[in-house]
Amino acid sequence: YPSLLSRTIQYAIERQQISEQLRQTISSLHESEQRFRIIANTASVLIWMSDNNGQCIFFNQPWLDFTGRSLKTQLTIGWIEDVHIEDRERCLNLYQEALANQDRFQVEYRLLRADGQYRWMFSNVVPRFDTGKFSGYVSSCIDISKRKQAETILDRQIIREKLFSEITKHIHESLDLLSILET
């Protein structure tokens with residue numbers, strides 16, 4: 001019986017050690033998730049995550065504040081419903097192609113803000129892997145509306161300068177300055 005008793009004691013000790021390791025692992029995972037949520041929800045970027053099928057599983061608080069939607073609603077309709085109709089098909093095709101290949105991608109699109117105004121967004125979408133297996137995407141999005149407005153102003157200025165240059169050239173060609181000076 002001593003060997004049975006010692007095996008029983010050894011089993012109890014091992015079970016206690018495994019239980020303690022499991023408790024520590026669960027505690028560490030919980031703490032890690034809390035840190036992630038704090039970082040994600042205090043970041044000045046919009047963040048979403050998807051599963052390996054492309055279904056959204058997480059939106060950070062700044063995303064929810066930006067869109068004015070609840071997490072439940074956002075998880076149900078997904079991000080694509082808030083994308084401007086002119087950008088939607090392009091974004092969806094890019095997303096589906098990247099998903100099929102498990103590739104990263106970047107995209108600019110207009111996203112509906114809670115106040116009803118569309119804002120230009122830049123999204124950097126990166127695949128997530130868990131022990132080598134594709135597990136979905138994480139995306140960080142920033143508002144680039146001011147940059148887009150500056151680009152539009154610059155484009156208009158370039159067009160004006162080209163037009164002015166063409167008009168000036170045409171005027172110079174129209175006026176035969178030498179003949180005017182000779183008279």
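Along each chain, the written sequence defines residue order, and numbers are assigned to residues from 1. For a predicted model such as this one, the threshold for reporting local features is a pLDDT of at least 70, and the threshold for listing and counting side-chain atom pairs is 80 or more; totals across whole chains, interfaces and linings nevertheless cover every residue. Side-chain metrics in this entry use all non-hydrogen atoms of the structure; hydrogen atoms and water are not considered.

Moving on: the pairing of strand β2 (residues 56-59). Bridge count for strand β1 (residues 46-50) against β2 is three bridges, and the pairing is antiparallel. In the strand pairing of β2, W48 is matched with F59. DSSP bridges decide pairing: two strands pair if at least two such bridges lie between them. Per the convention used, a helix needs a DSSP run of H or I reaching at least four residues, while a strand needs a run of E reaching at least two, with both numbered from the N terminus. The antiparallel pairing of β1 with β2 creates a hairpin that spans five residues between the two strands, and G54 there sits at a positive phi of about 90 degrees.

The next point concerns the pattern of salt bridges. Any carboxyl oxygen of Asp or Glu within 4 Å of a side-chain nitrogen of Lys or Arg constitutes a salt bridge here. Counted by the stated rule, this structure contains eleven salt bridges. Between R110 and E86 there is a salt bridge, with the nearest N and O atoms lying 3.3 Å from each other. With R110 in strand β3 (residues 105-112) and E86 in helix α4 (residues 85-101), the pair connects residues that are 24 residues apart, well separated along the chain. Throughout this description, buried means an accessible area under 20% of the type-specific maximum (1.4 Å probe, protein chains only), exposed means over 50%, and partly exposed covers the range between. On the basis of relative accessibility, which here comes to 17%, the residue R110 falls in the buried class. Measuring nitrogen to oxygen at the nearest pair gives 4.0 Å for the salt bridge that ties E151 to K148. Remark: K148 and E151 occur in helix α5 (residues 145-174); sequence separation between them is three residues, near one turn of the helix. For K148, a relative accessible area of 17% translates into the label buried. One continuous salt-bridge network, built from bridges that share partners, spans E86, D87, R90 and R110.

On to a nonpolar patch on the surface, then. Residues L5, I9 and I13 make up a contiguous nonpolar surface patch of roughly 280 Å² in combined accessible area. Within the secondary structure, I9 sits in helix α1 (residues 2-42). A residue is classified by how much of its surface remains accessible, and I9, at 46% relative accessible area, is partly exposed. To count toward a patch, a residue needs a relative accessible area above 30% and no salt bridge. Like charges then connect within 9 Å, nonpolar side chains (Val, Leu, Ile, Met, Phe, Trp, Tyr) within 5 Å. The protein chains shown are the only cover counted for residues, whose accessible areas, like all others here, come from Shrake-Rupley with a 1.4 Å probe.

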